[in-house]
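Results of the structural survey
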Amino acid sequence: MSTTSHKTEIILETERRSRFTPEQKVRIVDEAFSAQGSASQAARKYGIHPAQLYTWRKCMTQGQLSAVDKEENVFPESEKRAMEKKVRELERLLGRKTMEVELLKEAVKVGREKN
């Protein structure tokens, strides 16, 4: 006869996210990736996942220090202008299609009136 044991974990308190300033993140990343540092040791020391350190380092190397605080990407101005140009083009095309729809509605209305 086989016996199966089940383990139950009881969580007594909820974990809160740590908030680090951009300056703290830079210091932690520098510590983690210095010659004598270790990403795993730094992660344990500050209570974060090692992958978070790699994310912060990636943001720093891409010049996204302002984004490190918000965990968002920063887009170059040229890319922003290109997106705005694309939006203007799509709005122009939408306006043209809207006019076509209105003309077709009017043509259907005139066609029905003749019958």
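Residues numbered from 1 in each chain as written. Predicted model: local features only at pLDDT ≥ 70, side-chain atom pairs only at ≥ 80, totals over all residues. Heavy atoms only, no water.

Side note on the nonpolar core
What counts, and what does not: Buried residues of nine kinds, namely Ala, Val, Leu, Ile, Met, Phe, Trp, Tyr and Cys, make up a nonpolar core once their side-chain atoms join them within 4.5 Å. Throughout, exposure labels follow a simple rule: accessible area from a 1.4 Å probe, protein chains only, divided by the maximum for the residue type, with under 20% read as buried, over 50% as exposed, and the rest as partly exposed. Runs of E in the DSSP output that reach at least two residues are strands. Runs of H or I that reach at least four are helices, and both are numbered from the N terminus. Whether two residues are in contact is decided by their heavy atoms, any of which lying within 4.5 Å being enough.
In this structure, Phe20, Ile28, Val29, Ala32, Ala39, Ala42, Ala43, Tyr46, Ile48, Leu53 and Trp56 together form the largest nonpolar core, which totals 11 residues. Counting only elements with at least two residues in this core, the list comes to helix H1 (22-32), helix H2 (39-46) and helix H3 (50-61). If one sorts the elements of this core by residue count, H2 sits on top with four residues. Dropping the residues within four chain positions of it, Val29 is found in contact with Leu53, Trp56, Arg57 and Met60.

Regarding the confidence of the model for the protein chain
As a general rule, the predicted coordinates of low-pLDDT regions are not to be interpreted in detail. For clarity, the cut-off: The pLDDT value tells you how sure the predictor is about a given residue, anywhere from 0 up to 100.
Confidence in the prediction for the protein chain averages 81 pLDDT; 77% of positions are at 70 or higher. Looking at the elements of the protein chain, mean pLDDT is at its lowest for helix H4 (residues 65-68), recorded as 53, and at its highest for helix H5 (residues 77-114), recorded as 93.

A word on the packing of aromatic side chains
Put simply, the rule reads: Only the six-membered ring of Trp is used, alongside the rings of Phe and Tyr, when aromatic pairs are assigned; centres must lie within 6.5 Å, and planes under 30 degrees apart are stacked while those over 60 apart are edge-to-face, with the rest tilted. Throughout this description, the term charge over a ring refers to an Arg CZ or Lys NZ atom that lies within 6 Å of the ring centre and within 35 degrees of the ring normal.
Summed over all chains, the structure comprises two aromatic pairs. Each ring, one from Phe20 and one from Trp56, has its centre 5.6 Å from the other, and the planes form 70°; the classification is edge-to-face. Of this pair, Phe20 sits in the segment before H1 while Trp56 sits in helix H3, and the two are 36 residues apart along the sequence. Look at Trp56 and you get buried, because its relative accessible area is 3%. On the numbers, 5.1 Å between centres and 70° between planes, the contact of Phe33 with Tyr54 is edge-to-face. Here Phe33 is found in the loop between H1 and H2, whereas its partner Tyr54 is found in helix H3, with 21 residues between them in sequence. Using a relative accessible area of 42% as the deciding quantity, one classes Tyr54 as partly exposed. In this structure, Arg57 packs its charged tip against the face of Phe33, placed 4.0 Å from the ring centre.

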